[in-house]
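Okay, here's what each chain looks like letter by letter:
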Amino acid sequence: MKKLVMIGCDAVGSYHLDNLMKLTHLVELAGFCDLILEKAENFSKLAGSGKAYTDFRQMYDEVEPDMVFICVPPFAHGEIEFETIERKIPFFVEKPIALDMNLAKEIAHKIEAAGLITAVGFQCRYSSLVPTTIDFLKENPVALVEASRITNLPQAPWWKDKNKSGGMLAESTIHQLDIIRYMFDEPESVVSQGAFGWVNDPDMTVEELTTTMIRFKGGALGVILSGCYATHGASYDSNITFSARDKRAVHKIIESLEIYEKEDSDDLAPDRFVTKGDGVLGKDIKSRKYDETDDAGLICDQTFIQAVINSDPSEILSPYSDALKTMAFALACNESIESGKRVNISY
Ligand SMILES: NC(=O)c1ccc[n+]([C@@H]2O[C@H](COP(=O)([O-])OP(=O)(O)OC[C@H]3O[C@@H](n4cnc5c(N)ncnc54)[C@H](O)[C@@H]3O)[C@@H](O)[C@H]2O)c1
């Protein structure tokens, strides 16, 4: 049986460990590494297998793994990937893959040269709602994309420091950026702004609120709002709305998809619009709602493992080479916040 090891044994690591413990018919959980030994020992205890380490090189030497899950914070990428590629160990790595495009590109080049199988933690791509949304987007020319991700302040100790986390867009809203790219279109340019003033934390260097305007290559425009200022679920928001001229799809990541369309085949006559305040709402609108049916995270992890077992990466929806483009998108938003200018995105 193939041997799997993990580096980084805390929050997202536990999410993967839960999945991996359902996949022990495919892999042996053979080693756990964290800078803090107790965390690695805890994972080993939970898994009921695998030795705990604080040095990933020692773990690689002793276990000789067939694959690794790298679940370290955004600022900790580089050394681990280079050593892993050098040893030709296929790897799954959490997003964001790095906070510097030059580093991410160097890793991508080495992966390509080594012909290594990789996957990145964009599990939202494996949602049961994605194929139906893609069908909608193929059939309906979308003019406008509106997305939001408004949450509370994440608790990881490194999160508030933008140099360590990359900020809201690169660390959190990157899921929205990625799924929009995957399902809809590539961004051509972005204009972003950031703001502070609600969280009242002196250590906070991450913008608490950002707004981003996007021009897509196909001609559509988009707006993405993200914030970490919310203190209650009543203020949370997570939506992606794709608007065509006569239909609209609201995709809630790994939750639901609702498609709004007219009741019959006639175009909506002006008298069938209701004017409310200064906005206009259509009458006779029906909607089709789809709920998530799959465990996207489990499928994501299993797909990588199966790819390594079969030496066939064709089912992996987010290899490193593609995650590089999502990284460029997020870092272009950050660049625009800093420069106050529109940034063209090139891969
Ligand atoms: N895909 C998702 O939905 C999702 C969800 C949450 C977090 N994440 C991502 O996962 C990554 C980790 O986030 P987290 O919340 O688990 O962070 P965390 O701080 O809770 O855990 C990271 C662990 O990595 C360990 N670590 C750091 N450098 C190491 C090294 N060189 N060797 C061994 N261990 C090392 C730390 O000691 C820590 O225990 C982040 O990039 C985050 O954005 C992804």
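Calculation notes
Residues numbered from 1 in each chain as written. Predicted model: local features only at pLDDT ≥ 70, side-chain atom pairs only at ≥ 80, totals over all residues. Heavy atoms only, no water. Near = heavy atom within 4 Å. Polar contact = N/O pair within 3.5 Å; in protein donor to acceptor, adjacent residues only side chain to side chain. 1 Å grid on protein atoms, 1.4 Å probe; cavity = no way out; pocket = protein on both sides within 12 Å on 5 of 7 lines; lining within 4 Å. Sits in = over half its atoms within 2 Å of the grid points. Nonpolar A, V, L, I, M, F, W, Y, C, P; charged D, E, K, R; others polar. Domains from an automatic or database assignment. Helix = DSSP H or I, 4+ residues; strand = E, 2+ residues; numbered from the N terminus. Buried < 20%, exposed > 50% of the residue type's maximum accessible area, 1.4 Å probe, protein only. Salt bridge = Lys/Arg side-chain N within 4 Å of Asp/Glu carboxyl O. Core = buried A, V, L, I, M, F, W, Y, C linked by side-chain atoms within 4.5 Å. Points joined across faces, edges and corners; volume = space filled by probe spheres on them. Arc of directions from axis to C-beta. Contact = heavy atoms within 4.5 Å. Phe/Tyr/Trp six-rings, centres within 6.5 Å; stacked < 30°, edge-to-face > 60°. Lys NZ or Arg CZ within 6 Å of the ring centre and 35° of its normal.

## Describing the site of the ligand
Of all residues adjacent to the ligand, which total 22 residues, the nearest are Val 12, Asp 34, Gln 123, Trp 158 and Glu 171. Separating an oxygen atom of the ligand from a backbone N or O atom of Lys 95 is a distance of 2.8 Å. Within the contact set of the ligand, an oxygen atom lies 3.1 Å away from a side-chain nitrogen or oxygen of His 175. Assessed atom by atom at 2 Å from the grid points, the ligand resides in the largest pocket. A class-by-class count of the residues in the shell around the ligand yields 12 nonpolar, 4 polar and 6 charged. The two domains that each donate at least three residues to the shell around the ligand are domain 1 (2-124 + 296-316) and domain 2 (128-293 + 329-344).

## A word on unusual backbone geometry
Cis peptide bonds are those with omega within 30 degrees of zero, and the linkage from Lys 95 to Pro 96 qualifies with -15°. Within the element layout of this structure, Pro 96 appears in the loop between strand 5 (91-93) and helix 5 (101-114). Its identity is not glycine, yet Lys 88 carries a phi of approximately 55°, on the positive side. As for its position among the elements, Lys 88 is in the loop between helix 4 (79-86) and strand 5. On the basis of relative accessibility, which here comes to 53%, the residue Lys 88 falls in the exposed class.

## A short note on the pattern of salt bridges
Scanning the model with the defined rule gives 18 salt bridges in all. A salt bridge links Arg 125 to Asp 322; the nearest nitrogen and oxygen atoms lie 2.6 Å apart. Placement of the pair is Arg 125 in the loop between strand 6 (118-120) and helix 6 (130-139) and Asp 322 in helix 11 (residues 320-339), with a sequence separation of 197 residues. In terms of burial, Arg 125 and Asp 322 fall into one category: buried. We note a salt bridge from Glu 186 to Arg 181, for which the minimum N-O separation is 2.7 Å. Given the relative accessible area of 6%, Arg 181 is considered buried. Among the ionic contacts, a cluster of salt bridges with common partners joins Arg 57, Asp 61, Glu 79, Glu 83 and Arg 87.

## Digging into the nonpolar core
Counting 69 residues, the largest nonpolar core has Ile 7, Phe 91, Ile 97 and Tyr 320 as its most contacted members. No other element matches the 11 residues that helix 11 contributes to this core. Split by domain, the residues of this core number at least three in each of domain 1 (2-124 + 296-316) and domain 2 (128-293 + 329-344). Membership of the second largest hydrophobic core comes to 29 residues, among which are Leu 29, Phe 92, Ile 117 and Tyr 126.

## Description of the layout of surface pockets
Think of a ball as big as a water molecule: rolled over the atoms, this probe shows where empty space is left. Taken as a whole, the largest pocket spans an internal volume of roughly 1300 Å³. Every residue lining the largest pocket is counted, 46 residues in all, and those nearest its centre are Ala 11, Val 12, Cys 71, Trp 158 and Glu 171. Looking at the lining of the largest pocket, the elements with two or more residues in it are helix 1 (11-20), helix 4 and helix 8 (167-171). With 4 residues, helix 1 is the largest single contributor of residues to the lining of the largest pocket. Class assignment for the residues of the lining of the largest pocket results in 26 nonpolar, 11 polar and 9 charged.

## Quick look at helix 6
All of the buried residues in helix 6 are Val 130, Thr 133, Ile 134, Phe 136 and Leu 137. Seen end-on, helix 6 carries its buried residues on one side only, within an arc spanning 160°. Opposite its buried face, helix 6 presents the exposed residues Lys 138 and Glu 139, each directed more than 90 degrees away. Looking at the buried positions of helix 6, the neighbouring elements they touch are strand 7 (142-150), helix 9 (174-183), strand 11 (237-244), strand 12 (247-252) and strand 13 (256-262).

## Thoughts on the packing of aromatic side chains
Taken as a whole and assessed by the stated rule, the structure comprises 9 aromatic pairs. Consider the rings of Phe 91 and Tyr 320, whose centres lie 6.2 Å apart with planes at 70°: the pair is edge-to-face. Here Phe 91, found in strand 5, pairs with Tyr 320, found in helix 11; they are 229 residues apart in sequence, far enough to count as distant. Classification of Phe 91 as buried rests on a relative accessible area of 0%. Classification of Tyr 320 as buried rests on a relative accessible area of 1%. One aromatic cluster is present, formed by Phe 69, Phe 92 and Phe 304 through successive ring pairs. Between Lys 164 and the ring centre of Phe 75, over which it is positioned, the NZ or CZ distance is 5.5 Å. The side chain of Arg 248 reaches across the aromatic face of Tyr 260, ending 4.4 Å from its centre.

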